Amino acid sequence: MTTMRISQLAERSGVPATTLRYYESAGLLPADRTPSGYRAYGEDAVTRLAFIGSAKHLGLPLDEIGELLAVWETGACADVKADLRPRVAGRLAEAEHRLADLKAFTASLRSVLDRLDALPDRAEPCDAECGFPSGLPALAEPAAAPSGGETAERCGAECGCSAVRGPEVAIVCSLSGEGMAERVAEWRAVAGGARPVEIPGGVRVTLPVEKAGAVAELAAAEQRCCPFFDFRLHLEGEAVHLEVRAPADASDLVNELFAP
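Residues numbered from 1 in each chain as written. Predicted model: local features only at pLDDT ≥ 70, side-chain atom pairs only at ≥ 80, totals over all residues. Heavy atoms only, no water.

Caption draft 1: Summary view of the nonpolar core. Ranked by size, the top nonpolar core spans 27 residues in total, and within it Trp187, Phe229, Leu242, Val244 and Phe258 carry the most contacts. Mapped by element, the contributors of at least two residues to this core are α6 (177–191), β6 (202–208), α7 (212–225), β8 (239–245) and α8 (251–257). Ranked by size, the runner-up nonpolar core spans 24 residues in total, among them Tyr22, Tyr23, Tyr41 and Val71. (Core = buried A, V, L, I, M, F, W, Y, C linked by side-chain atoms within 4.5 Å. Buried < 20%, exposed > 50% of the residue type's maximum accessible area, 1.4 Å probe, protein only. Helix = DSSP H or I, 4+ residues; strand = E, 2+ residues; numbered from the N terminus.)

Structural data, given as structure tokens:
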């Protein structure tokens, strides 16, 4: 039987090796071990990862994906269909609720814009009449997921973004709450045991130089979904130094990624 090392499976599937390790720890992707202790995977791992990826695209959290995998492994398509349908229906109801909120908010913004356009341009000092319009309703928070215990967290729902807003900057991330938990686990798998050192605007962690590739890969993925982060890598002999900076309102995110 053909077997693959973790690097080969990552190349075949397009899933980073750090994520493959996390899936194993979460019970989603079992791995055999070679006599020398390396992970070994069969061809079925590629199919399994494709199934996991499809489920993630539906917005299912990892605990629900684990439950669905248990049904999928029986090989009965009807059972998978019966298990999947209510989960998708729940996600659809949640998305429609958010869409209704967004449509109402969009209508409010249009009405405010019309009011602003109708206001005359006055040379007098600004007063209550010409100032920022009052009464604009806030966009409702996403509803909690109907199952699986997932709640609307810092980075919002799978179909959009939310923001932690400071006085001058919006800290926006496109990861879901489940995706954020997975990303934190990936960072800790790479940087686990490294003690962060505070620097102006962020932290610095020092790791063995052989982790430079994994660190660069994660930093690139992080910046694609959370572009407010500033990552800098410095290679020095047998060590790689990673400096992570972010606006003050995102300091808790930095601490979460690199908690000792």
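Caption draft 2: Looking closely at the pattern of salt bridges. Counted according to the given criterion, the structure contains 12 salt bridges. Among the salt bridges present, the one from arginine 87 reaches aspartate 83, with a minimum N-O distance of 2.8 Å. With a gap of 4 residues between them, arginine 87 and aspartate 83 both fall in helix α5 (residues 77–118), about one helical turn apart. A relative accessible area of 14% means that arginine 87 is categorised as buried. (Salt bridge = Lys/Arg side-chain N within 4 Å of Asp/Glu carboxyl O.)

Caption draft 3: Molecular detail of the packing of aromatic side chains. Within the structure shown, the criterion is met by 4 aromatic pairs. For the pair phenylalanine 51 and tryptophan 72, a centre-to-centre distance of 4.8 Å together with 20 degrees between the ring planes defines the contact as stacked. Here phenylalanine 51, found in helix α3 (residues 44–57), pairs with tryptophan 72, found in helix α4 (residues 62–72); they are 21 residues apart in sequence, far enough to count as distant. Overall, the relative accessible area of 18% leaves phenylalanine 51 in the buried class. Here the aromatic rings of phenylalanine 229 and phenylalanine 231 are separated by 5.5 Å at their centres, their planes lie at 45 degrees, and the arrangement is tilted. Take phenylalanine 229: its relative accessible area is 3%, and that puts it in the buried class. An aromatic cluster is defined as three or more aromatic residues linked by ring pairs; in this entry it consists of Trp187, Phe228, Phe229 and Phe231. (Phe/Tyr/Trp six-rings, centres within 6.5 Å; stacked < 30°, edge-to-face > 60°.)

Caption draft 4: Broad picture of the packing of α3 against α4. With their axes 10 Å apart at the nearest point, α3 and α4 run at an angle of 135 degrees to one another. The angle between α3 and α4 falls in the class oblique. Where α3 crosses over α4, the handedness of that crossing is right-handed. Where α3 approaches α4, its residues Thr47, Arg48, Phe51, Ile52, Ala55 and Lys56 are matched on the opposing element by Leu62, Ile65, Leu68, Leu69 and Trp72. Looking at side-chain class alone, the contact of α3 with α4 contains 8 nonpolar, 1 polar and 2 charged residues. (Axes fitted to C-alpha atoms, helices over the stretch in contact; angles between N-to-C directions. Parallel < 35°, antiparallel > 145°, perpendicular 65-115°, else oblique. Left-handed = near helix turned anticlockwise from the far one by under 90°. Contact = heavy atoms within 4.5 Å. Nonpolar A, V, L, I, M, F, W, Y, C, P; charged D, E, K, R; others polar.)

Caption draft 5: Broad picture of the sheet that holds strand β5 (residues 197–199). If you trace the 4 strands from one edge of the open sheet to the other, you get β5-β6-β8-β7, paired in antiparallel fashion. The open sheet has two edge strands with one neighbour each: β5 and β7 (230–236). This sheet shows a mean twist of 25 degrees between the axes of neighbouring strands, independent of strand direction. Pairing geometry for β7 and β8, over 7 bridges, is antiparallel. Pairing of aspartate 230 across the sheet is with arginine 245, part of β8. Packed on one face of the sheet, α7 meets β6, β7 and β8 and runs near 170 degrees to β7. (Pairing = 2+ DSSP bridges.)

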